Amino acid sequence: MVIGRKRIGAVAALSLIGSLLVAGEAAAAPPLYPPGGTSTQFLDHRALLGTTPEPAWYEANIPFVDLPDDEIEKTYYYRWRTFKEALKYTGPQDGWIVSEFLGPVGYSAPFGGINAAAGHHIYEGRWLRDRRYLDDYLDYWLTGSGSAAKPATEELNKNTTDWAHQYSFWAVDAAVARAEVTGDWRFLTERMPALERQYKGWKRTNFDAARGVYWQTPVWDAMEFTAGSYQSDDPYHGGDGYRPTLNAYQYGDARALALLKRKAGDPAAARRYDSEAARLRTATERALWDGSFYKHVMKGQSTRLADRELMGYVPWYFNMPPASAAPAWAQLTDPQGFAATYGPTTTERRSRWFMHQALDGCCRWDGPSWPFATSQTLTALANQLLDYPAQSYVDAADYVSLLRGYALTQRKNGQPYVAEAHHPDEDRWIYDGRGHSEDYNHSTFTDLVLSGLLGIRPQAGDTVRIAPLAPADWTHFAVENVPYHGHNLTVVWDRDGSVYGRGAGMRVWIDGVQKLFRTTLGDVRVAVPAAPATAGQPELVDDAANVRETGYPAAGASYTWSGDAAVNAIDGQGFHLDVPTTRWTSYGTPNSSDWLAVDLGAPTTVSDVRVDFYDDDGGVRTPPSYALQHQTSDGAWLDVPGQQRTPAAPVGRAINRIVVDPPLTTDRLRVVAPGSFGITALQVWRQPDPRLKASFTVSSLAIDAGRTVRVQSRVTAAKRTTGVHASLQVPRGWTASARTAAQAPVLKPGATLTTTWDVTIPASADPLAGLPIRLLAEAGAGVSGALLPTRYQFDPADYPVTVWDDDFSTDRLDRYRVDHPAAEPSPQLTVAGGTLTAAAGSRAFAVLAAPVTTGSAVIVEPTKFAGSSPEDSLFLGFSAGDRTNALAWYNNFHGTSGADVRVDGTAQPDGGCCAPVRWQPGDRFAVLARSGSLTTWHEHAGVWTLLHTAPLAAVPGSPAFGLRLDVGSLALTRVTVRSR
């Protein structure tokens, strides 16, 4: 029977959603969602989710709550939606990451990762049943692309050299907090070296050994303008100081490493980390605690700033302060402290920096309400209330009041919404860029409800502590199907037994079996069976995903509405927002039917296709039917054979799954449907054989049209595997032949099948297209794969015809036509001693077009740059006059390269900006016009490296080079034009 809108009280325990959702599918297909196991079903999950897209994902993954406070409950489910939106599949190398922004930003790590809020992401996502998301995400930061080298520049943090240390990050603590929920400690102990490396990275760059504390620049605490930075000579990148943030993060990470070392059976190492944490705690107290609050201290100084900042509560996030520090919490509710209707404020009101320039634009953390900091403060407050002795400064009512205020802050036009920063006293977001800030994933909320309000306190051992901070006047609440240590946890409070029909009092169930009953709410511990050693969800690879949206896989469509793009459907994301968007639609199409196609570049095994139809209840609707087709080698489109669809008829805002049995090997697929329809995600999932790892011996393959190249592949067995077969899949028109064995009757553990292949590229091929080749390895239990991108490697010798060569041994300036793409005078040009020199006392620019009309490669040898600012630039390419040219450029002052393409004075697509490069004496630059592209190359120590690619519809005019400077002189020693 149904009891109320959100509650079902008839069934005590049943098998959960995940296993039921795949009923009727082919036995070989992995579950669409993680099986949930046995638990209670007291709540009506679909009613709680309302109109949330893909409700089955939430039913399989998240804990469900029923709360008397509708605002907190509404925000809880909204924030799970925003978290799902932020899940981004990046490809087989890194798998899933959690993004901060829904769209890309220029200062992120590869694929859009930003580590500033990664600790929040891990705390929030630790409650998901499907562990693959955070398994991948942690590996991304610890050993994957997120741990890779980054430029040590002012814009990306000049003090550190890898992405995982771009911003302050409590990585190890968050990883351990997650393990306390999952019960999977082996995942972390296997990654111990990477976790220790992450911790030690901050010691290497930001530790002041003399004082025993860490320093940080506020902007790299994710706080661009602060009370501290305003009191420096650079309000944005200044204010280096000893701060509560990084010191607390490192304390938390040291304590977490100590716990992991104990789990790994290394008590001596655990004691070392505990000792490090204790010393840091003592030093932090000495340096930052002024008797009432933790404060910023300028680097190299000892005086604490007068201003209290909300970050002063961060030490409690890690249970770092002594109990005697509790009076600091009085500032949280003080009207002159941090209290605000939409608060807390990031700087106390009594500070002279409160709201200083805060309304002038992002991002000023001197007063605005900031979800990032509010999350930290609420976690810290829950720790103060639940892990410290009783005190008189704050209580559970303050926690609930702050949490409810935080929920109400997350509103816009009456609907749930979170952006970057909110006015502390007015109902409006003040940092809220359209197409940038929507559903900003930079904080927590669901974790605050679960671990704070409802008091589910994860433990390292086989117990769970439940200590709700719920108000005393709440007559009921429920949290159901919490994935905990591989089991399902349900907690119900029903004061008089009238709400859930299970009787009065507080009750706890594990796997559908009641384990605790008491008549009143209280702080309890419940034994939990040891986490089962389960295999978890299988690894899957989406061969259609292209998060960078360039190269392959490529998407195309018969018609696309102007506000959408076909590639959005394969960008690794699948949400249903209008702004920003990750959809393709045929809205406004003149056609009776349309198609969206994906070109994989090289064939793969297709067995599990998933389509998520966009439906806005307006001009774009779920189609009444659709066809899934593949393209044959002769170009015909045919329906994919062996389709098993779930559901049978298309549904919108949910996954339409097509299992292909038997699997099909193809490189091109498309979805065809009538009417105006849309797709937010088109996925082609493949399940690798867990016994086999496929790889190549190189990271890319240099090719050219009309040539045969050689490549080696490897298939390595993790277990004894019989009947191993390798195949090399190549683009259409290419051929591949095995020169050595591509099969192995048996591979023993650790053994490798190495195959040498000849790959022939047809003369008509475009070597700049970046088409991949794909290795597939099979042995009857899935298909492992590896993708190898191809590349064109510029070599002047491939262009043997010299069309023009000027070594400036004689003065031939009168042979050149001088063009002026900008309304700037020419520099003074002179030729002497084998050198062309351009000199100027102010901004000057000239492009010299050679007296030839052929040639595809232009090579320039600079010998000296002017050292002027901001223009100290070399140009090379093609020019047909002042208004039409295609010119690559190198700016020596900025150390960057790009391209400018113009037709009749109108700018054309230029491939974006900018590629970092730094010229050294003896280096050369080249530009190549070929296959509809203008590529820029830099030679250093005899090696040519691709810098930049711009589309080029037609080669304009003559080969040319240009010189632009502000003052001084710029010199060249040779200009050569070559052709094939």
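Presented here is a report on the structure given in the accompanying data block. For clarity, every value in this text was computed on a predicted model and none was experimentally measured. (Residues numbered from 1 in each chain as written. Predicted model: local features only at pLDDT ≥ 70, side-chain atom pairs only at ≥ 80, totals over all residues. Heavy atoms only, no water.)

1. Observations concerning unusual backbone geometry
Here is step 1 of the chain: Omega for the bond connecting valine 579 with proline 580 falls within 30 degrees of zero, at -15°, which places this linkage in the cis form.
Here is step 2 of the chain: Here proline 580 is to be found in the loop between strand E24 (554-557) and strand E25 (584-585).
Here is step 3 of the chain: Residue proline 662 is bonded to the preceding aspartate 661 through a cis peptide linkage, with omega at 5°.
Here is step 4 of the chain: Looking at the element boundaries, proline 662 is found in strand E30 (residues 655-674).
Here is step 5 of the chain: Here aspartate 617, not a glycine, exhibits a phi torsion of approximately 60°, which is positive.
Here is step 6 of the chain: Secondary-structure assignment places aspartate 617 in the loop between strand E26 (593-614) and strand E27 (627-631).
Here is step 7 of the chain: Of the residues examined, aspartate 617 reaches a relative accessible area of 62% and is grouped as exposed. (Helix = DSSP H or I, 4+ residues; strand = E, 2+ residues; numbered from the N terminus. Buried < 20%, exposed > 50% of the residue type's maximum accessible area, 1.4 Å probe, protein only.)

2. Observations concerning the pattern of salt bridges
Here is step 1 of the chain: Per the stated rule, a full pass over the model turns up 56 salt bridges.
Here is step 2 of the chain: Across the pair aspartate 290 and lysine 295 runs a salt bridge, and its minimum N-O distance is 2.8 Å.
Here is step 3 of the chain: By relative accessible area, which is 32% here, aspartate 290 ends up partly exposed.
Here is step 4 of the chain: A salt bridge links arginine 457 to aspartate 387; the shortest N-O distance between them is 3.2 Å. A residue pair is termed long-range when its members are at least 10 positions apart, and arginine 457 in strand E16 (residues 456-458) and aspartate 387 in helix H14 (residues 371-387) qualify at 70 residues.
Here is step 5 of the chain: Shared partners join several salt bridges into a network, and the residues in it are Glu824, Arg843, Glu871, Arg964 and Asp966. (Salt bridge = Lys/Arg side-chain N within 4 Å of Asp/Glu carboxyl O.)

3. Section: the environment of glutamate 224
Here is step 1 of the chain: Tracing the chain through its elements places glutamate 224 in the loop between strand E9 (213-216) and helix H10 (227-230).
Here is step 2 of the chain: A relative accessible area of 15% places glutamate 224 in the buried class.
Here is step 3 of the chain: In sequence terms glutamate 224 and arginine 732 are 508 residues apart; their C-alpha atoms lie 50 Å from each other.
Here is step 4 of the chain: Apart from residues no more than four positions distant in its own chain, glutamate 224 is found in contact with Val219, Ser229, Pro235, Tyr236, Cys363 and Trp365.
Here is step 5 of the chain: A distance of 2.8 Å separates polar atoms of two side chains, one belonging to glutamate 224 and the other to tryptophan 365. (Contact = heavy atoms within 4.5 Å. Polar contact = N/O pair within 3.5 Å; in protein donor to acceptor, adjacent residues only side chain to side chain.)

4. Details of the nonpolar core
Here is step 1 of the chain: Ranked by size, the top nonpolar core spans 170 residues in total, and within it Trp316, Tyr399 and Leu453 carry the most contacts.
Here is step 2 of the chain: With 10 residues, the top contributor of residues to this core is helix H11 (residues 244-263).
Here is step 3 of the chain: If we ignore the near neighbours within four places in the chain, the residues touching leucine 453 are Leu67, Ile72, Tyr399, Val400, Leu403, Leu448, Pro468, Leu469, Ala470, Pro471 and Trp474. (Core = buried A, V, L, I, M, F, W, Y, C linked by side-chain atoms within 4.5 Å.)

5. Let's talk about the packing of helix H7 (residues 171-182) against H11
Here is step 1 of the chain: Two numbers describe how H7 lies on H11: the axes approach to 7 Å, and their chain directions differ by 50°. Between H7 and H11, the crossing angle belongs to the class labelled oblique. Like other packed secondary-structure pairs, H7 and H11 cross with a definite hand, here left-handed. Contacts between H7 and H11 pair Ala171, Val172, Asp173, Val176 and Glu180 from the former with Gly252, Asp253, Ala256, Leu257, Leu259 and Leu260 from the latter.
Here is step 2 of the chain: When grouped by side-chain class, the residues that make up the contact of H7 with H11 number 7 nonpolar, 1 polar and 3 charged. (Axes fitted to C-alpha atoms, helices over the stretch in contact; angles between N-to-C directions. Parallel < 35°, antiparallel > 145°, perpendicular 65-115°, else oblique. Left-handed = near helix turned anticlockwise from the far one by under 90°. Nonpolar A, V, L, I, M, F, W, Y, C, P; charged D, E, K, R; others polar.)

6. Regarding helix H4 (residues 70-85)
Here is step 1 of the chain: End to end, H4 covers 23 Å across 16 residues, agreeing with the expected 22 Å (1.5 Å per residue, within 8%).
Here is step 2 of the chain: Those residues of H4 lying buried are Ile72, Glu73, Thr75, Tyr76, Tyr77, Tyr78, Arg79, Trp80, Thr82, Phe83, Lys84 and Glu85.
Here is step 3 of the chain: The N-capping residue of H4, defined by a side-chain oxygen 3.0 Å from the backbone nitrogen of glutamate 71, is aspartate 69. (Expected span 1.5 Å × (residues − 1).)

It is worth stressing that arrangement in space is one thing and function is another; only the former is reported here.
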